[in-house]
2 protein chains.
Amino acid sequence: MTETETDLEPDPGTEIPEDHPRYASLVTRHRIEAGVDAGITSRQGLIAQGRGEAFDYLLGERTLPSADAAERAAAAQLLLADHAVISVNGNVAALVPEETVALADAVDADLEVNLFNRTAERMVAIADHLREHGATEVKGLAGDGEIPGLEHARGTVDADGIGAADTVVVPLEDGDRAEALAAAGKTEIVIDLNPGSRSPRTAAIPIIDNVIRAVPNVTAHARDLAGASSSELRRVVDEFDADEALTAAEAAIREGSFDGDGDVA
Amino acid sequence: MTETETDLEPDPGTEIPEDHPRYASLVTRHRIEAGVDAGITSRQGLIAQGRGEAFDYLLGERTLPSADAAERAAAAQLLLADHAVISVNGNVAALVPEETVALADAVDADLEVNLFNRTAERMVAIADHLREHGATEVKGLAGDGEIPGLEHARGTVDADGIGAADTVVVPLEDGDRAEALAAAGKTEIVIDLNPGSRSPRTAAIPIIDNVIRAVPNVTAHARDLAGASSSELRRVVDEFDADEALTAAEAAIREGSFDGDGDVA
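Residues numbered from 1 in each chain as written. Chains lettered and ligands numbered in written order. Predicted model: local features only at pLDDT ≥ 70, side-chain atom pairs only at ≥ 80, totals over all residues. Heavy atoms only, no water.

**Student:** When you look at the pairing of strand β5 (residues 167–171) of chain B in this model, what are you seeing that I'm missing?
**Tutor:** Regular strands place side chains that alternate from one sheet face to the opposite one. Residue and element names in this part refer to chain B. Counting buried positions over the 5 residues of β5 gives 5, a clear majority of the element. The side-chain alternation of β5 yields two buried faces, one formed by T167, V169 and P171 and the other by V168 and V170. Both strand β1 (residues 84–88) and β5 contribute to a ladder of 3 bridges, which runs parallel. Following the sheet pairing, A84 is matched in β5 by T167. Direction of pairing for β5 relative to strand β6 (residues 187–191): parallel, over a ladder of 5 bridges. Opposite V170, over in β6, you have V190 as the bridge partner. With helix α9 (residues 175–183) bridging β5 and the parallel β6, this β-α-β connection has right-handed handedness. (Buried < 20%, exposed > 50% of the residue type's maximum accessible area, 1.4 Å probe, protein only. Helix = DSSP H or I, 4+ residues; strand = E, 2+ residues; numbered from the N terminus. Pairing = 2+ DSSP bridges. Right-handed = clockwise from strand over helix to strand, strands pointing away.)

**Student:** Explain the nonpolar core to me, please; I cannot follow it from the model alone.
**Tutor:** Considering soluble globular proteins, one finds that nonpolar side chains tend to be buried as a cluster. Grouped together as the largest cluster of nonpolar side chains are 104 residues, with contacts concentrated most on A:I207 and B:I207. When neighbours within four sequence positions are excluded, A:I207 is seen to be in contact with A:A70, A:E71, A:A74, A:I189, A:V190, A:I191, A:D192, A:A214 and A:V218. Counting residues in each nonpolar core, the second largest holds 28 residues, with A:L59, A:I208, B:L58 and B:F258 among its members. (Core = buried A, V, L, I, M, F, W, Y, C linked by side-chain atoms within 4.5 Å. Contact = heavy atoms within 4.5 Å.)

**Student:** So what exactly am I meant to see when it comes to the interface of chain B and chain A here?
**Tutor:** Reports of interface size often rely on the accessible area that becomes lost once the parts have come together. Residue-level contacts link 40 residues of chain B with 40 residues of chain A. Between chain B and chain A lies a buried interface of about 3,200 Å² when both sides are counted; carbon and sulfur atoms form 56% of it. Together, B:R43, B:R254 and B:F258 form the three largest contributors to the area buried by chain B at its contact with chain A, with a combined 24%. Among the salt bridges present, the one from A:E53 reaches B:R51, with a minimum N-O distance of 2.7 Å. Elements that contribute at least two residues to the side of chain B that touches chain A include exactly α2 (23–37), α3 (43–59), α10 (198–202) and α13 (242–255) of chain B. Looking at the side of chain B that touches chain A element by element, the count peaks at 12 residues for α3(B). Taken together, the residues of the side of chain B that touches chain A sort by class into 13 nonpolar, 11 polar and 16 charged. (Buried area = accessible area lost by both parts, 1.4 Å probe. Salt bridge = Lys/Arg side-chain N within 4 Å of Asp/Glu carboxyl O. Nonpolar A, V, L, I, M, F, W, Y, C, P; charged D, E, K, R; others polar.)

**Student:** What exactly am I supposed to notice about the relation of the copies chain B and chain A here?
**Tutor:** A rotation about some axis, followed by a shift along it, carries one copy of the chain onto the other. The transform that puts chain B on chain A rotates by 180 degrees and translates by 0.0 Å along the axis, for an RMSD of 0.0 Å. Such values leave the two copies arranged in the relation of a two-fold axis. The residues that chain B uses at the interface reappear at the interface of chain A in 100% of cases, marking a shared surface. (Least-squares fit on C-alpha atoms with pLDDT ≥ 70 in both.)

**Student:** In this structure, what is going on with the sheet that holds strand β7 (residues 205–207) of chain B? I would like to understand it.
**Tutor:** Two strands in a sheet stick together by hydrogen bonds in their backbones, pointing the same way (parallel) or opposite ways (antiparallel). Residues and elements named next belong to chain B. One open sheet holds the 5 strands; their spatial order is β2-β1-β5-β6-β7, and the pairing between them is parallel. In this open sheet, the two strands that pair with only one neighbour each are β2 (110–113) and β7. Sheet twist, expressed as the mean angle between neighbouring strand axes with direction ignored, is 20 degrees. The sheet contacts of helix α4 (residues 65–80) involve β1, β5, β6 and β7, and relative to β7 the element is tilted by about 135 degrees. Lying over the sheet, helix α6 (residues 97–107) contacts β1 and β2, oriented at roughly 170 degrees with respect to β1. (Axes fitted to C-alpha atoms, helices over the stretch in contact; angles between N-to-C directions.)

**Student:** Looking at this structure, I do not really get the side chain of B:D192. What am I missing?
**Tutor:** Tracing the sequence through the fold places B:D192 in the loop between β6 and α10. Of the side chains with opposite charge, B:R51 lies nearest to the buried B:D192, which makes no salt bridge, at 7.8 Å. (Lys, Arg positive; Asp, Glu negative; His and termini not counted.)

**Student:** Where do I start with the side chain of A:K139 in this structure?
**Tutor:** All names here are of chain A. For K139, the location among the structural elements is in the loop between α7 (120–132) and β3 (145–146). With a relative accessible area of 10%, K139 lands in the buried category. A distance of 3.3 Å separates the side chain of K139 from the side chain of E137, its partner in a polar contact. Setting aside residues no more than four positions away along its own chain, K139 makes contact with D110, L111, E112, V113, D158, D160 and G161. (Polar contact = N/O pair within 3.5 Å; in protein donor to acceptor, adjacent residues only side chain to side chain.)

**Student:** What exactly am I supposed to notice about the sheet that holds strand β1 (residues 84–88) of chain A here?
**Tutor:** All names here are of chain A. Read across the sheet, 5 strands follow the order β2-β1-β5-β6-β7 without closing on themselves; strand pairing throughout is parallel. For this open sheet the edge positions go to β2 (110–113) and β7 (205–207), each flanked by a neighbour on one side alone. When strand polarity is set aside, the average angle formed by the axes of neighbouring strands in this sheet is 20 degrees. Against the sheet, α7 touches β1 and β2, its axis set at about 150 degrees to β2.

**Student:** For this particular structure, what's the right way to read the pattern of salt bridges?
**Tutor:** The final tally for this structure, using the stated rule, is 32 salt bridges over all chains. A:R29 is the salt-bridge partner of A:E53, the closest N and O atoms lying 3.0 Å from each other. Here the residue A:E53 occupies a position in helix α3 (residues 43–59), and A:R29 occupies one in helix α2 (residues 23–37), the gap between them amounting to 24 residues. Just as A:E53 is buried, A:R29 falls in that class too. Put simply, B:E99 and B:R31 hold a salt bridge, and the shortest N to O gap is 3.7 Å. A residue pair is termed long-range when its members are at least 10 positions apart, and B:E99 in helix α6 and B:R31 in helix α2 qualify at 68 residues. Note on B:E99: relative accessible area 11%, which makes it buried. Where salt bridges share partners, they join A:R29, A:E53 and B:R51 into one cluster.

Put into structure tokens, the structure is as follows:
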């Protein structure tokens, strides 16, 4: 059992044996469904979850070496940032609430709820959910800033959050919004399982990995790099090659095994 | 505009321009969400829809020649059957209700609602939905038969429907259930976008295609073959090679283009 799997304790009431071959995948699915019950995950979030499952299946449900390198570069970039913000949407909140709070703590980043389909109810539900999992401050509800180049509701951010950030982590982000954030001069770290989608292609640091594995691994790298100098951190960032990472992920998907597992049918 | 796309008229109230590059995909998504509103599509159905979207994206959102051959063989097999039944679940009902009724008419098959997560409410909602789209008889609500080898709720069928059928069409079916149907001696036609999942690997005729494209195309082939003799139909079935079709679909997914489209992010 890996550490990531140990982190994935199902909520009480589920009966998924830990030795089930698809334990992590089933726990993930359980969390996302619980997110629907809690008003956190949208219908579009469930469909996006399915797309992620398919790409993760083709990737072999593992963190590629190129993704691990991206996660280390992301940690270094976050430690170098003057003002880092982690954008949290419904699926991120449902899937990795504690893990996201831990990452924010490890790199001294803000947490900001930011939704593609913004409703007051979901904003509040997600902020509450993050607080229940240890967050002390959650931005996003002010909505007094704007990312240029997007229709109003899509571009709304907090002026002192994503609006003022130099580095943003946008897991599972829409392509238009990822492009607008990059155009606004933010250094973007995107987590996405499809290496072909625009969001990771727009990012300075694209992480092609499941958020369930990626977020704790960025945190682990940040803790490992905590004592490093700025020049050491800069070197980790500079040595990372985004195009190479995207190409490696594409290759892994193309070469991945179709193992006949019915759960992804 | 292809004939399949013409069939895909969005419901009133949607505003998807027909020349949108992802028109079919957006209409599909709209139909599946409307299915949730109608009590037809489950949460698991939304996740399954997302998995399908990812595989279809990698396939290039097209019917491969090998899938067209499978669809022709399926039409011939259905015309040869003594008693064919088309199994309808929530996603099939939401995505292709008229198209499924048209196929049943073209090959003189029964329609049977059959759900992985069977609830009386969803059974009735789906049967009603099929009737609203032209079905005259819908089986599945009797539930007086059973497929051996499955826990009770998973194996429930109509004794005079799937229970008595020699040929069954199971679009988007779970692997355990597909295996149990094959073990019960049914000739299975499976529609599934993942060539690696157990359901198509279990099928006599696996169709690796989107149900949106597959169902109308099986109907078109059935109409084309309507005057064929039994021996001609038998030849169409015999010439189809299931392993070749699965291999061709895998190859297409591996070779497919990652075109940077953000909609599947």
